[in-house]
Each structure stands twice: as structure tokens, then as C-alpha cells.
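This is what each chain is made of:
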Amino acid sequence: MTVTAPDRSIILFGAPGSRAKIDTPALVLDLDAFEHNVALMAETCRRAGIGLRPHAKTHKCSTIAKRQIAAGALGIGCATIDEAEVMVAAGLPGVLITSPLVTAGKIARLARLVEAGGDVMVVADHPANVAALDQAIGATGRTLRVLVDLDLGHHRTGVGTVADGVRLAREIASWKALRFAGVQAYAGHLQHIADHAERLARTRAADALVADLVAELKAEDLAPAIVTGAGTGTHRINAAGSPFTELQAGSYIVMDAEYGGIEYAPGESWPFRPALSVAVAVTSANVPGSVTTDGGTKAFALNGPRPRVASGPLAGAAYEFSGDEHGRVSLPEGTATPALGTVLECTVPHCDPTIAHFDAIHCVRGDRLVDVWPVDARGRRA
Ligand code: PLP
Ligand code: MN
């Protein structure tokens with residue numbers, strides 16, 4: 001007898017119906033909250049007169065990227081060549097790769113995207129990388145827009161000084177197949193500062209460095225068309241009074257426990273709503289005081305606060321990981337032990353790496369499953 005695995009497309013991308021038909025573990029997206037978030041960030045940027053190029057690293061989902069563009073975004077950020085290939089193939093415009101691509105394999109893949117007519121840009125932080133980009137893109141007969149990546153103190157990527165930034169911009173402009181397109185300055189180390197006053201002060205100090213580079217570039221006749229940066233944590237600070245022409249926020253679409261745990265602004269709570277949860281099911285209930293679930297370290301990100309049960313009679317109950325495929329929920333005093341198979345929707349510790357565990361996003365409105373979106377840019381194709 002031959003046993004064939006069920007068609008994944010039926011499991012993952014099945015027809016709409018009752019919310020109860022979502023099997024576990026699964027990502028569940030509250031569409032009303034998600035749509036509120038997408039519209040609110042678009043409106044915030046429009047009012048401030050600043051562009052929005054939301055980062056697709058959060059969702060890795062071309063369906064969501066298209067919704068962000070439909071709401072007015074001028075393009076999409078991608079952290080990897082893998083994400084960029086999927087977004088370009090899905091027809092998304094203004095794809096900015098926000099990490100330098102330096103290996104021969106990735107540069108060749110970038111060149112293929114450019115050759116195929118993809119609307120794509122990349123950042124760089126070193127002259128050797130710029131030379132390699134020119135060589136690969138030159139062979140396609142096309143040109144590539146390159147942005148200077150500026151380090152604001154995160155020490156992840158970027159040139160370390162304004163002088164190096166100007167030198168690199170000049171270098172980019174000097175190559176035949178490259179066009180100097182602007183500056184990226186992303187302060188990843190400032191996004192989650194819990195205290196708003198400190199986040200504000202340190203963001204303004206970082207802004208001063210960006211403004212310096214922009215001024216020096218203008219003085220050299222290299223005025224940057226694009227000055228891009230900021231995440232969800234500093235989006236409002238950077239929307240006005242900063243040298244940016246556009247914001248790169250990503251997490252705002254669904255929020256997570258990490259962002260939920262920091263101060264938005266004095267006396268104000270976050271205007272973006274938590275829109276995502278991970279649904280797990282009770283799989284064993286033989287230990288007094290707790291139950292085992294089917295969501296372990298392969299269902300949640302580990303670099304954020306622990307999940308909690310988000311809704312229902314066990315709302316707020318603490319979650320522990322009990323292995324790769326298992327979790328443990330502590331039953332609060334006085335709560336009944338849930339039956340086997342009971343679905344518990346849990347908070348998301350850190351949205352990006354949680355979403356990257358799953359092939360599909362189950363979209364719900366109230367108790368209806370209304371759509372299932374593939375997380376089509378997940379995984380690595382190297
Ligand atoms: N831009 C870059 C370069 C990033 O690495 C990230 C996230 O890590 C973002 C933008 C989006 O930030 P957030 O998800 O905090 O909004
Ligand atoms: Mn993140």
C-alpha cells in the first residue's frame with residue numbers, strides 16, 4: 001500500500017468557514033485589528049507628510065505587502081534576498097533590501113532580479129561591496145540604486161562616521177552601473193527602549209547624526225533622494241522633526257508582547273492593536289494544576305516575553321515551553337481543567353520570528369475564518 005501525504009494546499013489554504021476549523025498550532029490574525037493598524041500607520045505618515053516603506057521582515061507575506069501598498073505605502077523593505085525575490089515576483093514596487101548583500105551567491109541573485117526588471121534597491125556600507133555590486137550589475141546592462149547604510153550606534157551594519165558615509169556615496173556615484181539613491185539609518189537598538197523620554201532623547205541624538213550626513217552630502221552635490229529608517233518604537237518621533245523622508249516600521253501591523261510592554265508616549269497607550277495570536281490545543285491534562293499543549297519552541301519566538309493565554313476562561317494564564325512541540329499552561333486558581341482538544345489562543349512574544357515559524361496566516365473576523373494567506377517569503381532558498 002502506498003501512503004501519500006495529504007495535499008498541503010488543502011490543509012493550509014482551505015476554504016473559509018468557522019474559526020473552529022483552524023487546526024493547531026496556527027497563526028490567527030484578527031483582520032479588524034490588522035486593518036486598523038495598516039490604516040492608522042498610513043494615515044499617521046500621510047498627516048506628517050512623510051513616506052512609508054513598511055518592512056516585510058515582520059510578515060514575509062506578499063498579500064500583506066500588497067495591502068500596505070494599497071493603503072499608500074511607497075514600497076516594501078526586505079531583510080534578505082529571499083524576501084526580495086518573493087516580493088518582486090509578486091509584483092511589489094519599491095523593494096529596498098535593508099541589509100548589505102556581500103556573498104557572491106546573493107549578489108548574483110540580486111543581479112538576476114535587476115536583469116528581470118525588478119524594482120529593487122539595496123544598501124551598502126563598504127567600498128569593496130560597492131565594487132562587487134557594480135561588476136555584477138554592469139554585466140546585466142542595467143543599473144541599480146544603492147543607499148549608504150549609516151550606523152546609528154546599533155553596530156550591526158553601516159558606515160561609522162559621516163565622513164565615511166560621504167566617501168561611500170561618492171564611490172557609489174562613481175560606478176557606471178550604480179546610482180546613489182540615498183541614506184538608510186536604522187536605530188534597531190532604540191526601538192524597544194521602555195521609557196519614552198529616553199527613547200525620544202536618544203532618537204533625537206541619532207537624528208542629529210543623520211542630519212549631519214544629509215547636510216554633508218548636499219554640500220557635495222549628492223543630495224539623498226531617500227532618507228529611510230525608523231521602526232514601530234520610534235515611528236511617531238521620527239515622523240516629524242527628523243531628517244527622514246520615509247519610515248520603515250514593520251511590527252505595527254500586528255504588534256507583539258515586546259512592543260506591548262513599552263511605554264508608547266506619556267499618558268497614552270499604543271494606538272496599534274495586538275492582531276496576532278498563536279492558537280494551540282490542549283493535548284494532555286493528567287498533571288494537576290497545568291495542561292500540556294501542542295505549541296513549543298517551534299511555534300513561538302524565544303526572544304521576547306513568554307506567551308500568555310490571550311482570551312477565554314484561561315486569559316492571562318502563564319505559558320512555559322515544554323520542548324520543541326509542547327507547551328505547558330498553568331491553570332489559575334479556581335479554573336476548571338480544559339478538555340483535551342480545547343484551543344487556547346496565546347499572545348505573540350516577538351512577531352517577526354513567530355510568523356516565520358508558520359506557512360500560513362489564518363484570518364478571522366469574529367468567529368469566522370475568512371481567509372488564509374501564505375507566508376510565501378519564509379524560509380531560505382540558498
Ligand atoms: N528596518 C530595519 C532595517 C529593521 O531591521 C527592522 C526590524 O528589525 C525594521 C525596519 C522594522 O522595525 P519594527 O519591526 O520594530 O517596526
Ligand atoms: Mn522584530
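Residues numbered from 1 in each chain as written. Chains lettered and ligands numbered in written order. Predicted model: local features only at pLDDT ≥ 70, side-chain atom pairs only at ≥ 80, totals over all residues. Heavy atoms only, no water.

(A) Geometry of the overall build of the protein chain. Helix and strand counts for the protein chain stand at 11 helices and 17 strands. Computed over C-alpha atoms, the radius of gyration of the protein chain comes to 22 Å, within 12% of the 21 Å expected from 2.2 N^0.38 for 382 residues, which places it in the range of a compact globule. With the C-alpha coordinates of the protein chain rotated into their principal frame, the extents come out at 70 × 60 × 35 Å. Expressed as a percentage of its 382 residues, the buried residues of the protein chain come to 50%. For the protein chain, long-range pairs separated by at least 24 residues make up 69% of all intrachain contacts whose partners lie at least 6 apart in sequence. Both charge centroids of the protein chain, one from 35 positive and one from 40 negative side chains, sit 3 Å from each other. (Helix = DSSP H or I, 4+ residues; strand = E, 2+ residues; numbered from the N terminus. Rg over C-alpha atoms; globule rule 2.2 N^0.38 Å. Buried < 20%, exposed > 50% of the residue type's maximum accessible area, 1.4 Å probe, protein only. Contact = heavy atoms within 4.5 Å. Lys, Arg positive; Asp, Glu negative; His and termini not counted. Charge placed at Lys NZ, Arg CZ, Asp CG, Glu CD.)

(B) Region of interest: the site of ligand 1. Taken together, 13 residues form the shell around ligand 1, and within it Thr-232, Gln-248, Gly-250, Ser-251 and Tyr-259 come nearest. Between an oxygen atom of ligand 1 and a side-chain N or O atom of Arg-156, the distance comes to 3.0 Å. In isolation ligand 1 offers 400 Å² of accessible surface; the protein chains occlude 92% of this area. When grouped by side-chain class, the residues that make up the shell around ligand 1 number three nonpolar, eight polar and two charged. (Near = heavy atom within 4 Å. Polar contact = N/O pair within 3.5 Å; in protein donor to acceptor, adjacent residues only side chain to side chain. Areas by Shrake-Rupley, 256 points an atom, 1.4 Å probe, with all protein chains shown as cover. Nonpolar A, V, L, I, M, F, W, Y, C, P; charged D, E, K, R; others polar.)

(C) Fine view of the environment of Ala-201. Mapped onto the secondary structure, Ala-201 falls in helix α8 (residues 196-219). Owing to a relative accessible area of 48%, Ala-201 belongs among the partly exposed residues under this scheme.

(D) Highlighting the sheet that holds strand β6 (residues 120-124). Pairing is parallel across the open sheet formed by eight strands, whose spatial order is β3-β10-β9-β8-β7-β6-β5-β4. The strands lining the two open edges of the sheet, one partner per strand, are β3 (51-52) and β4 (76-78). Sheet topology places strand β8 (residues 178-184) next to strand β9 (residues 226-229); three bridges connect them, and they run parallel. From the neighbouring strand, Val-183 faces β9, where its bridge partner is Val-227. Contacting β4 and β5 (95-97), helix α4 (residues 81-89) crosses the sheet at an angle of about 170 degrees to β5. (Pairing = 2+ DSSP bridges. Axes fitted to C-alpha atoms, helices over the stretch in contact; angles between N-to-C directions.)

(E) Quick peek at the coordination of the manganese ion (ligand 2). For the manganese ion (ligand 2), every protein donor is listed as His-350 (NE2) and Asp-352 (OD), and the spread of their distances is 2.3 to 2.6 Å. The burial state of His-350 is the same as that of Asp-352; both residues are buried. (Donors = N, O, S within 2.8 Å, 3.2 Å for Na, K, Ca; no water.)

(F) Spatial organisation of the pairing of strand β7 (residues 144-149). The buried fraction of β7 is high, at five of six residues. Relative to β7, β6 runs parallel, the two being bridged by four bridges. Among the inter-strand pairings, Val-123 is bridged to a residue of β7, identified as Leu-147. Since β6 and β7 lie parallel, the crossover through helix α6 (residues 127-138) that links them has a hand, and here it is right-handed. The pairing of β7 with β8 spans six bridges and is parallel. Residue pairing for β8: Asp-149 is matched across the bridge by Gln-184. Crossover handedness for the path β7 to helix α7 (residues 162-174) to β8: right-handed. (Right-handed = clockwise from strand over helix to strand, strands pointing away.)

(G) Fine view of the nonpolar core. Grouped together as the largest cluster of nonpolar side chains are 102 residues, with contacts concentrated most on Leu-29, Phe-34, Met-87, Leu-110, Leu-144, Ile-361 and Trp-373. It is helix α2 (residues 31-48) that contributes the most residues to this core, six residues altogether. Not counting residues within four places of it along the chain, the set of residues in contact with Phe-34 comprises Leu-29, Ile-64, Arg-67, Ile-253, Ala-275 and Trp-373. By size, the runner-up hydrophobic cluster in this structure holds eight residues, among which are Ile-22, Val-28, Leu-369 and Val-372. (Core = buried A, V, L, I, M, F, W, Y, C linked by side-chain atoms within 4.5 Å.)

(H) Layout of the confidence of the model for the protein chain. Residue-level pLDDT values for the protein chain average 96, and 97% of them are 70 or greater. Interface confidence for the predicted complex, given as ipTM, is 0.99, next to a pTM of 0.96. (pLDDT = per-residue confidence, 0-100.)

(I) Geometry of the packing of α7 against α8. Close contact between α7 and α8 brings their axes to 9 Å; oriented N to C, the two are set at 40 degrees. The orientation of α7 relative to α8 falls into the category oblique. Crossing of α7 against α8: the hand is right-handed. Along the contact surface, α7 presents Val-162, Gly-165, Val-166 and Ala-169, while α8 presents Leu-209, Asp-212, Leu-213, Glu-216 and Leu-217. A per-class count over the contact of α7 with α8 returns six nonpolar, one polar and two charged. (Parallel < 35°, antiparallel > 145°, perpendicular 65-115°, else oblique. Left-handed = near helix turned anticlockwise from the far one by under 90°.)

(J) Summary view of the packing of helix α5 (residues 104-115) against α6. Where α5 meets α6, the closest approach of the two axes is 9 Å, and the angle between their N-to-C directions is 45 degrees. Between α5 and α6, the interaxial angle falls into the category oblique. In this structure, α5 meets α6 at a crossing whose hand is right-handed. Taking contact as the criterion, the partners of Ile-107, Leu-110, Ala-111 and Val-114 in α5 are, on α6, Asn-129, Ala-132, Leu-133, Ala-136 and Ile-137. The residue inventory of the contact of α5 with α6, partitioned by class, reads eight nonpolar, one polar and no charged.

(K) Region of interest: the packing of aromatic side chains. Within the structure shown, the criterion is met by eight aromatic pairs. Considering the side-chain rings of Phe-300 and Tyr-319, the 5.1 Å spacing of their centres and the 55 degrees angle between planes classify their relative orientation as tilted. Of this pair, Phe-300 sits in the loop between β12 (290-293) and β13 (319-321) while Tyr-319 sits in strand β13; the two residues are 19 residues apart in sequence, bridging distant segments of the chain. Of the two residues, Phe-300 and Tyr-319, both sit in the buried class. Taken together, Tyr-252, Tyr-259, Tyr-264, Trp-270 and Phe-272 form an aromatic cluster joined through their ring pairs. (Phe/Tyr/Trp six-rings, centres within 6.5 Å; stacked < 30°, edge-to-face > 60°.)

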